[in-house]
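Fold and geometry: a report
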Amino acid sequence: MRIPPISRPGRAVVGLTAAAVCATGLPAATAPASADPAPAARQSAVRYPDLTPTPPMGWNNWSYYMCDVNEKVILDNARALVRTGLAAKGYDTVTVDDCWTRKQRGPQGELVTDRTKFPHGMAYVGRELHRMGLKFGIYGDAGTLTCEKYPGSLGHFQQDADLFASWKVDYLKFDGCNVPTAPGRTKEETYRDVYGQMSRALRATGRPIAISVSAPAYFQYEGDALWHRVIGWSGEVGNLWREGRDIAVEKHTPAAKWSSIRYNFDYNAQLAALQRPGRWNDPDFLLAGDSGLTETEIHSQMALWAVMAAPLISSTDLTHLSPAALRVLGNKETIAVDQDPLGVQGKLVRHDEDAAVLSKPLRGGDRAVALFNSGDTPRTVSTTAAVAGLPAAHSYRVRDLTTGRTTRTTGPLTATTLAPHATALYRVSAE
């Protein structure tokens, strides 16, 4: 896959001014004394525990609230997950993103919670989430500073891992801003080293903490061979990985948000061979909600993310979720496609300028087939059961997972006059 270069990886969206500047390509700096000098290959020799047998689901504040995060925002949205029934459908991890700490570490080198934002502290937030039956996720960074210039974990990996474990954290989103490369080491060696250190530190706590690795996002524009190699070892040190650009944030226009969704789909759909069950490609957050997108567009993102076995992590204001957005996020049959126990990412069987068809094998022999009109005018998108990978049969049962309508076909799978930006998602079984 070839992607035109942009000014920087990390938090960026096509054609938009980024909300946060992740510093990559920093001047060379000497690694801290605590850095593990062992070769990168040895550091990640022990595969991280398989803590996410199906793609993670939940909510994260970043895309909607960014740094305007506080205890009330987090807990109100957590309560909304429970109240709307989304938690019961699998959206069970609530993650506090960047900007939750003070700007300086404490006297013992520890991370210090910003008590203006979180007056009761992070352990309290975790207890409240667990009391609701939810999991507690938190944000950290492998470099000297986070993307928003709060303290990073470089030189403090075990200290921070122990702190997170003491707070009963269940999930760590671990970013990769401001990672300095020491003289004589490559950028890849450095990233593999620091992520390996945090991976080992989390294991050493004895607490099962799933880790989302952001390393691949910092190599997206440095050639496919290197990028894919980084994705490969990310699956050794963690459970899922952000491999490309951040999704658009709330302040951007609906058109820019749709462009961002389409861009993230385009690159993620071509990475199916690099994902494996329990280890997930992550094309970033779901924008269903108060985002200005149409119901057609939020349905498309949900359907495409599901057929790609992507994490389903909402990032919107769940306390004011529209009935349409709740209908999309809560569609049990679409969720079942994403959470299918086979854990296989759907593959492209057709991809042109304005249309794509993906097919995903499901347990029991069915296939999920997505027909996507990415263009701006209505069009017919089609494939056949054979092209989608189904066995030969006299007929096929086709269930539309949006409408709940079931039909039968002798082979053709067609969405006639599919609306602009729409996706038809079918579950197809041979009869």
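Note: the structure precedes this text.
Residue numbers here run from 1 along each chain, matching the order of that chain's written sequence. The predicted origin of the model limits local features to residues at a pLDDT of at least 70 and limits the giving and counting of side-chain atom pairs to 80 or more, whereas totals for whole chains, interfaces and linings rest on all residues. Water and hydrogen atoms were dropped before computing side-chain values, which therefore reflect all heavy atoms in the structure.

So, on to the overall build of the chain. Secondary structure counts use DSSP, requiring at least four H or I residues in a row for a helix and at least two E residues in a row for a strand, with both numbered from the N terminus. Within the chain, the secondary structure is distributed over 11 helices and 16 strands. Relative to its 431 residues, the chain shows a buried fraction of 59%. Contacts were defined at the residue level, with two residues in contact if any of their heavy atoms lie within 4.5 Å. Within the chain, residue pairs in contact and separated by at least 24 positions form 75% of the contacts whose partners lie at least 6 positions apart. For every accessible area listed, the method is Shrake-Rupley and the probe measures 1.4 Å; residues are considered covered only by the protein chains on display. As displayed, the chain offers around 16,300 Å² of accessible surface, 54% of which is attributable to carbon and sulfur atoms. Relative accessible area decides the class of each residue, using a 1.4 Å probe on protein chains only: under 20% of the type maximum gives buried, over 50% gives exposed, and in between gives partly exposed.

Of all hydrophobic cores here, the largest spans 111 residues; its most connected members are Y91, W100 and Y195. The residues contacting Y91, other than those within four sequence positions of it, are M57, G58, L81, L86, L134, L286, M302, L312, L329 and I335. Listed in part, the 17 residues of the second largest apolar core include A385, A415, Y426 and V428. Residues belong to a common nonpolar core when they are buried Ala, Val, Leu, Ile, Met, Phe, Trp, Tyr or Cys residues joined through side-chain atoms within 4.5 Å.

On to the state of the cysteines. Throughout, disulfides are identified as pairs of cysteine sulfur atoms within 2.5 Å of each other. If you walk through the whole model with that rule in mind, you get 2 disulfides. Note that C67 is cross-linked by a disulfide to C99, the S-S spacing being 1.7 Å. On the criterion of sequence distance, the pair formed by C67 in the loop between α2 (62-65) and α3 (71-83) and C99 in the loop between β2 (93-96) and α4 (122-131) is long-range, its members being 32 residues apart. Between the sulfur atoms of C147 and its disulfide mate C177 the distance is 2.1 Å. Between C147 and C177, the S-S dihedral sits near 90°, and the bridge is therefore right-handed. With C147 in the loop between β3 (135-141) and α5 (157-166) and C177 in the loop between β4 (171-175) and α6 (187-205), the pair connects residues that are 30 residues apart, well separated along the chain.

Note on geometry: axes are lines fitted to C-alpha atoms, helical ones only across the stretch in contact, with angles between N-to-C directions running from 0 to 180 degrees. At a minimum axis separation of 10 Å, α6 and helix α7 (residues 224-237) run at an interaxial angle of 15°. Considering their axes alone, α6 and α7 lie roughly parallel with respect to each other. Read as a crossing pair, α6 and α7 show a hand that is right-handed. Residues E188, Y191, R192, Y195, G196 and S199 of α6 form the contact with α7, whose participating residues are L226, R229, V230, W233, E236 and V237. In what follows, roughly perpendicular refers to angles from 65 to 115 degrees, roughly parallel to angles under 35, roughly antiparallel to angles over 145, and oblique to any angle outside these ranges. Helix crossings are classified by the rotation of the near helix relative to the far one: an anticlockwise turn of less than a right angle makes the crossing left-handed, while a clockwise turn makes it right-handed.

Function cannot be read off these values alone, since they describe shape.
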